Amino acid sequence: MDLNSASTVVLQVLTQATSQDTAVLKPAEEQLKQWETQPGFYSVLLNIFTNHTLDINVRWLAVLYFKNGIDRYWRRVAPHALSEEEKSTLRAGLITNFNEPINQIATQIAVLIAKVARLDCPRQWPELIPTLIESVKVQDDLRQHRALLTFYHVTKTLASKRLAADRKLFYDLASGIYSFACSLWNHHTDTFLQQVSSGNEAAVLSSLERTLLSLKVLRKLTVNGFVEPHKNMEVMGFLHGIFERLKQFLECSRSIGTDNVCRDRLEKTIILFTKVLLDFLDQHPFSFTPLIQRSLEFSVSYVFTEVGEGVTFERFIVQCMNLIKMIVKNYAYKPSKNFEDSSPETLEAHKIKMAFFTYPTLTEICRRLVSHYFLLTEEELTMWEEDPEGFTAEETGGDSWKYSLRPCTEVLFIDIFHEYNQTLTPVLLEMMQTLQGPTNVEDMNALLIKDAVYNAVGLAAYELFDSVDFDQWFKNQLLPELQVIHNRYKPLRRRVIWLIGQWISVKFKSDLRPMLYEAICNLLQDQDLVVRIETATTLKLTVDDFEFRTDQFLPYLETMFTLLFQLLQQVTECDTKMHVLHVLSCVIERVNVQIRPYVGCLVQYLPLLWKQSEEHNMLRCAILTTLIHLVQGLGADSKNLYPFLLPVIQLSTDVSQPPHVYLLEDGLELWLVTLENSPCITPELLRIFQNMSPLLELSSESLRTCFKIINGYIFLSSTEFLQTYAVGLCQSFCELLKEITTDGQVQVLKVVENALKVNPVLGPQMFQPILPCIFRGIIEGERYPVVMSTYLGVMGRVLLQNTSFFSSLLNEMAHKFNQEMDQLLGNMIEMWVDRMDNITQPERRKLSALALLSLLPSDNSVIQDKFCGIINISVEGLHDVMTEDPETGTYKDCMLMSHLEEPKVTEDEEPPTEQDKRKKMLALKDPVHTVSLQQFIYEKLKAQQELLGEQGFQSLMETVDTEIVTQLQEFLQGF
């Protein structure tokens, strides 16, 4: 591409590509895509985005195309890679001038230079770093800032490389430029500190911006640039100096307004100081050891004493708490139980920690956390009143401890209390002791203090196990507090029910549960929504606990379920509805069939909620989970839900519908439990299976559930299902068998095996295309035992239960192998006998014995030739299934099932599903469970004897090992 002639054309097309008119935009984008691989195109783009007279949008687009081109075509091995000559020209052009006037474009240019540096620096681009160092020294403000911005992005990118050779290059770079980076940072920092009192906001902001960028460079060099940073005096000097600089910057906040750009930049710089310390501690814990004492002193003084008053801000306090937490919890600083096994570095760090965390220090930290940081703030109380659901969402903010003050303080408290529980337990117990009895509802401060202390007792529940008689405290103190209905007491009602939830799995007598359930019923009717939501959470923790007893819960079930449903209707936020649905699901899951009388209202409401949640896929996931438990609880009665249930399953499992990305996993689980609990097939339930073929093509982690669903249909209505879907299913299976794992192959084969077991006549016909593959696998000796075992299980079903189909299959395979049928049958029997040990399941081992015995009686010379092997397998089968009756001394087949017994279901067990019942009925027709192997062997041998005569039969028996014959005779005593 000729630069002079092309520039005008490219500029014109770029201008068109910024158009809002798609008729102009689309052709321009297509043209630019074609030019991406043209030599010279990126040189033209460079000329365009460095020409400050052109339209900003055009230059912005040129930068983006250039940046994308680096990712695609800069590497030597890339298709259509840029030539070395053009790359050399581009590298030189990128660092000729650092004078881009537009901030956003300047940032993009810095990023693309860093991308090139990642691939070429320092080997192909040795001049980059020296050029940047010279450029950050110039007096021109714009050039200096842009060069510093580029310097930061290059350093950041090179620091992120992880290969050993790249790490070595970065170590060399860091040691070479660290002194300069330090002096640069000190210079800009001193300039800022001098200017901060001048009142010239523009100058202050300019120097602060440079301070921030130079500190970002130093952060990357310090954290990633040295193997043993504690041995470098400049690195440790910089780190030790951070604390003094932090003090200076915090003091500066007094003279800078609270609501301007300077304040924002100042706080970002202060936070960046703390990030340097946190990153360094994370990457180099032992190099950090000399900084432990100073870090703790600094953080504790600013967070837990009056030193920080007027200068600290929330994010800074969070960072200081994280620093304390990381030092307290750091694994590198924890000695082994046997101190002699610990490294000197660990012992040194531990010694510093122990020297700092004295009794007075720990006591003050604990008291300050509880009495200051745990207190509900005015903002939180206002939010409670104005947006109760928003308040509960804030309180349960998940993994937000790194960023938000309240969760951060709670995590710090838990970690310090766990580490120093012997010291802090008496402190917290004393705080509890001072709060015995009711609190005056007019004294809001006393209410909030009690709320904070109860919060601490809940967070430290596991540590206080041996120190608090929670059962007595519950009866004498907490229960009465739940009964105070005054509006101003609601923080304590909410905190007490939360506190009980924290202790329920730690220490709570089972006998007290009914009293708690009574309290929960009352609180679910509380005037305050936050209290009701918190109560629902504690209810979930209670029913989830392993000591939960259904009999204790049932008297309260109707009331609780009704109140939870009312709460579900009342709340409006998606997250809150999900939460309440989750509680309902847990209740339904634990009481199972006992829920049936009370679910009518929920069943009527869920279709409306489903419709309202069309734009909220996570809420729909919660509805699916609730439906799963509901179907399990309703059992066969879940059929009444089909008008709503089946369309939900249809949508959730349709891969052509966008929501399937969110709903598929739960949708498949709902589909499966619906089948398992279905009393009979319906046309609509059968029709949903149309969704299955695309799901099998996905070959995703949900494949196992898909196979369970297919089995569910086979058990439910094999004839209708196979006649409708077997052809397509067989095609899908044939494709799957070519590409999935061994475990996947077994799952496919088990489906075929089940189909043959359930429907011996139709099954082999429907899956006929797969059976030759299985036959071939047996003959050729499939190498994976688990696959071979399943092959033999399938073939055993065909041989035993559909002899005519087996004969036609044998005939077909004889043609394919170009062998006589008898010869092929002999080879199959031989391989079967040889690989019998691959079969581990007793049912399948008995099936093999029955199947091979079914070939008798026979005058076929091949079968008689394999007679010994058939008898060997039969005797192995007898050993597997025969148990001796100690009273009579006779043997009986333990797999025989003579009648259908409904097993008694204990309270902890789930009642059998409709599918469990179908499997039981199927077992009563299965030869494995209805035919006595002992009797079958006797009859087959007797028939063989009658066929051959006594002499011929004896000759046949002489081919069997005498020990095997002896064992056989022992098993057949009495016949």
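Note that the coordinates shown come from a computational prediction; the quantities given were computed from them, not determined experimentally.

The rules behind these values
- Residues numbered from 1 in each chain as written.
- Predicted model: local features only at pLDDT ≥ 70, side-chain atom pairs only at ≥ 80, totals over all residues.
- Heavy atoms only, no water.
- pLDDT = per-residue confidence, 0-100.
- Contact = heavy atoms within 4.5 Å.
- Helix = DSSP H or I, 4+ residues; strand = E, 2+ residues; numbered from the N terminus.
- Expected span 1.5 Å × (residues − 1).
- Buried < 20%, exposed > 50% of the residue type's maximum accessible area, 1.4 Å probe, protein only.
- Domains from an automatic or database assignment.
- Buried area = accessible area lost by both parts, 1.4 Å probe.
- Polar contact = N/O pair within 3.5 Å; in protein donor to acceptor, adjacent residues only side chain to side chain.
- UniProt positions renumbered as here; feature names shortened; annotations may be inferred.
- Core = buried A, V, L, I, M, F, W, Y, C linked by side-chain atoms within 4.5 Å.
- Patch = residues over 30% accessible without salt bridge, like charges linked within 9 Å, V, L, I, M, F, W, Y side chains within 5 Å.
- Areas by Shrake-Rupley, 256 points an atom, 1.4 Å probe, with all protein chains shown as cover.
- Salt bridge = Lys/Arg side-chain N within 4 Å of Asp/Glu carboxyl O.
- Phe/Tyr/Trp six-rings, centres within 6.5 Å; stacked < 30°, edge-to-face > 60°.
- Lys NZ or Arg CZ within 6 Å of the ring centre and 35° of its normal.

Draft legend 1. Representation of the confidence of the model for the chain in the model. Scored by pLDDT, the chain comes out at a mean of 93, with 97% of its residues at no less than 70. Counted against residues more than four places away or in other chains, residues 398–402, with its pLDDT under 50, gives ten contacts.

Draft legend 2. Helix α19 (residues 405–419), seen in detail. For α19, which comprises 15 residues, the first-to-last C-alpha distance of 21 Å matches the rise-based estimate of 21 Å (1.5 Å per residue) to within 8%. The buried count for α19 comes to eleven of 15 residues, which makes it a mostly enclosed element. Residues L405, R406, P407, C408, T409, E410, L412, F413, D415, I416 and F417 constitute the buried set of α19.

Draft legend 3. Quick peek at the domain arrangement of the chain. Here the chain is described as being made up of domain 1 (1–160), domain 2 (378–389 + 424–507 + 528–548), domain 3 (549–689) and domain 4 (874–971). Relative placement of domain 2 and domain 3: their C-alpha centres are 32 Å apart. Between domain 2 and domain 3, the buried area comes to about 1,500 Å², and carbon and sulfur atoms account for 67% of it. Ranking the residues of domain 2 by area buried against domain 3 places E389, L539 and F548 at the top, with a combined share of 43%. Viewed at the interface, domain 3 and domain 2 are joined by seven residue pairs in polar contact (both at pLDDT 80 or more). Considering each element in turn, the side of domain 2 that touches domain 3 owes the most residues, nine residues, to helix α25 (residues 529–544).

Draft legend 4. Highlighting the UniProt feature "domain: Importin N-terminal" (unreviewed entry) in the chain. With numbering aligned to this structure, UniProt lists the feature "domain: Importin N-terminal" (unreviewed entry) at residues 28–100. Taken end to end, residues 28–100 has its terminal C-alpha atoms 26 Å apart, with 63% of it in helix and 0% in strand.

Draft legend 5. A look at the nonpolar core. Counting residues in hydrophobic clusters, the biggest one holds 345 residues, and the most contacted among them are F413, W671, I710, Y713 and F733. By residue number, the principal contributor to this core is helix α34 (residues 703–739), which donates 17 residues. In contact with F413, not counting residues within four places along its chain, are C366, L369, V370, F374, L428, A456, L459 and A460.

Draft legend 6. A nonpolar patch on the surface, seen in detail. A contiguous nonpolar surface patch, about 340 Å² in accessible area, is contributed by M618, V661 and Y662. Taking relative accessible area as the criterion, V661 reaches 63% and is therefore assigned exposed.

Draft legend 7. Up close: unusual backbone geometry. Residue C121 is joined to P122 through a cis peptide bond whose omega torsion reads 5°. Cis peptide bonds are those with omega within 30 degrees of zero, and the linkage from L856 to P857 qualifies with -5°. Structurally, the position occupied by P857 is in the loop between α41 (842–853) and α42 (861–865). Here H80, not a glycine, exhibits a phi torsion of approximately 60°, which is positive. With respect to the helices, strands and loops of the structure, H80 is situated in the loop between α4 (56–73) and α5 (84–94).

Draft legend 8. Here's a closer look at the packing of aromatic side chains. As enumerated under the stated definition, the model contains 39 aromatic pairs in all. Geometrically, the ring pair formed by Y517 and Y556 is tilted, given 5.8 Å between the ring centres and 50° between the ring planes. On the criterion of sequence distance, the pair formed by Y517 in helix α24 (residues 513–523) and Y556 in helix α26 (residues 550–570) is long-range, its members being 39 residues apart. With relative accessibility at 16%, the residue Y556 sits in the buried group. Seen in terms of ring centroids, W671 and Y713 are 6.3 Å apart; in terms of plane orientation they differ by 85°. Their pairing is edge-to-face. Taken as a pair, W671 in helix α31 (residues 660–676) and Y713 in helix α34 lie far apart in primary sequence, 42 residues in all. Of the residues examined, W671 reaches a relative accessible area of 0% and is grouped as buried. Within the aromatic cluster, the residues linked to one another by ring pairs are Y454, F470, W473, F474, W503 and F508. The ring centre of W498 lies 4.7 Å from the NZ or CZ of R495, which sits over that ring. If you follow K507 out to its NZ or CZ, it ends over the ring of F465, 5.0 Å from the centre.

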